[in-house]
Amino acid sequence: MVQAYILIQTEVGKASTVAELIGKIQGVIQAEDVTGPYDVIVRAQADTVDELGRMVVAKVQQVDGITRTLTCPVVHL
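Residues numbered from 1 in each chain as written. Predicted model: local features only at pLDDT ≥ 70, side-chain atom pairs only at ≥ 80, totals over all residues. Heavy atoms only, no water.

Another point: the side chain of Thr69. When you line up the elements, Thr69 lands in strand S4 (residues 66–73). Judged by its relative accessible area of 18%, Thr69 is buried. A polar atom in the side chain of Thr69 sits 2.8 Å from the side chain of Gln61. (Helix = DSSP H or I, 4+ residues; strand = E, 2+ residues; numbered from the N terminus. Buried < 20%, exposed > 50% of the residue type's maximum accessible area, 1.4 Å probe, protein only. Polar contact = N/O pair within 3.5 Å; in protein donor to acceptor, adjacent residues only side chain to side chain.)

Now the structure itself:
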């Protein structure tokens, strides 16, 4: 199982709606709107890195109102 944090920038006033929509995507553990340089932070999981990438590109980035994403895979050192 691969987990990652996805940091999301949205259009002004869209953070709450984006977080709500992303929270419904299969594989998303949590989606919260936050303050700071990013508007939404998502914790997601998938069976493989490739699956995680497909989820980000095919599902998360397709949500209306997103302007940029940064995916940070979780590592266990």
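It is worth spelling out the sheet that holds strand S1 (residues 2–10) at this point. What the four strands build is an open sheet, ordered S2-S3-S1-S4; its pairing is antiparallel. On the outer flanks of this sheet lie strand S2 (28–33) and S4, each paired with one strand and no other. The mean angle between the axes of side-by-side strands here comes to 20 degrees, regardless of whether they run parallel or antiparallel. Bridging between S1 and S4 involves seven bridges; their strand directions are antiparallel. Looking at the pairing, Gln9 lines up with Arg68 of S4. Across the face of the sheet, helix H1 (residues 15–22) comes into contact with S1, S2, strand S3 (40–46) and S4 while running at roughly 170 degrees to S2. Of the strands in this sheet, S1, S2, S3 and S4 touch helix H2 (residues 49–58), which is tilted by about 140 degrees from S3. (Pairing = 2+ DSSP bridges. Axes fitted to C-alpha atoms, helices over the stretch in contact; angles between N-to-C directions. Contact = heavy atoms within 4.5 Å.)

Distances and angles like these do not, on their own, reveal function.
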